[in-house]
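Coordinate analysis (summary)
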Amino acid sequence: MMKDVSVTRTLPDLLIEPVVRLALAEDLGRTGDVTAQACIPEDARFSAVFSARQAGVMAGGAVVRIAVHALDPQAMVTVKVADGEAFEAGAVLIAVEANARALLSAERTALNLLGRMCGIATLTRTYVQAVAGTKARIADTRKTTPGLRALEKHAVACGGGLNHRFGLDDAILIKDNHVAVCGGAGEAVRRARAFAPHLMKVEVEVDSLDQLDEVLPERPDVIMLDNFSLDDMAEAVCRVQDSAFGPVVLEASGGVNLTTVAGIAATGVDVISVGALTHSVLQLDIGLDAG
C-alpha cells in the first residue's frame, strides 16, 4: 500500500478553470451534448460517484469540481479522497449530485483529467518509494502536455515528487546547446552569474567529469549530470564533496526508469529528474458510476 503524502500546496482555481473550460468546449462542440439533450429530461437529477478501478494516489479533486460546476453551478461535489492520499481499487473518490445533463456532459472531461493526474501521482509515488532510504529526491521536468503543465506538476507534488522549474522564466538552466553557442560550459555559467538576480538559481548540464571540473569554480547552484554512468556519477559526488567551491546540488538526468533509479540514488546525488513522470504516464482507470 502506498503511503499518503501531505500536499501543502494547492492548485488555485484560477489556473485550473481555463484548462477545464477549454476541454469542455472541445467536447461540447457547436451545439452541446446532443445525446443528453435527446435522452435526458432537462430538469432530471443524477447522483453518481467517481470510483477507482485500480489502486493509486489521488490528484485532481478540484478539477472534477470545476468541470461539474461549469455546467451546473448548483451541483453538490464532495471529494472523499484528498490529493496526496493513496486509495485501493473500488474506492469512491468523489461523490456528485447534479443536473443529469450537466453531469453526463462533464463526465468525459472530468475523467480524462482526473485519470491523467492520478496516473502521474501514482507513478511519482512509485519512483519516490524506489529511492526511499537515500537522500535523493524525485523531480519532474518540462516534458509536460502543452496546456496541462500546472495540472501535471501538481500531480507530481501529490505523489511526493519535487517540481523542477515551471517555465523558462523560473531559473537559468544551461543545456548543451547553450554551451555550444557560448563556447564552453564555464563561460556559460559566468555569463549566467552576471545576468541572474540574487534570488535566481543557476543550473548547468554537464556530460563528462571534465566538464564538471570546468564549471565547479564558477559556483553554479545546481549541476545536472546528464547520462553519466553510475561510476562517473559516484565520482562526481566525491569531487563535489571534496571541492573548495561551496555546496552544489547534484541532479542526475537521462536513462532514468524504475529499473535504474535505485542505483542512481545510491550514488549520492541529491535530485533525480524523470521526464517519464509526465510524458509517458498511463491514465489511471477511474469511472463514473450511478450512486
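Computed from a prediction, not measured in an experiment: that's the story for all the values here.

It is worth spelling out the sheet that holds strand β12 (residues 286–290) at this point. Pairing within the open sheet is antiparallel, and its four strands lie in the order β3-β5-β1-β12. Here the strands that pair on one side only, and so sit at the sheet edges, are β3 (76–79) and β12. Neighbour-to-neighbour, the strand axes of the sheet open up by a mean angle of 20 degrees, direction not taken into account. With five bridges connecting them, strand β1 (residues 45–52) and β12 associate as antiparallel partners. Bridge assignment links Phe50 to a residue of β12, and that residue is Leu288.

Following the criterion strictly, the structure yields 15 salt bridges and no others. Between Asp13 and Arg65 there is a salt bridge, and its shortest N-O distance comes to 3.0 Å. On the criterion of sequence distance, the pair formed by Asp13 in helix α1 (residues 13–28) and Arg65 in helix α3 (residues 61–71) is long-range, its members being 52 residues apart. Lys175 serves as the salt-bridge partner of Glu205, at 2.9 Å between the closest nitrogen and oxygen. Placement of Glu205 in strand β8 (residues 202–206) and of Lys175 in the loop between β7 (172–174) and α6 (176–182) is noted, with a sequence separation of 30 residues between them. On the basis of relative accessible area, Glu205 is assigned to the buried category, the value being 6%.

Calculation rules
- Residues numbered from 1 in each chain as written.
- Predicted model: local features only at pLDDT ≥ 70, side-chain atom pairs only at ≥ 80, totals over all residues.
- Heavy atoms only, no water.
- Pairing = 2+ DSSP bridges.
- Helix = DSSP H or I, 4+ residues; strand = E, 2+ residues; numbered from the N terminus.
- Axes fitted to C-alpha atoms, helices over the stretch in contact; angles between N-to-C directions.
- Salt bridge = Lys/Arg side-chain N within 4 Å of Asp/Glu carboxyl O.
- Buried < 20%, exposed > 50% of the residue type's maximum accessible area, 1.4 Å probe, protein only.

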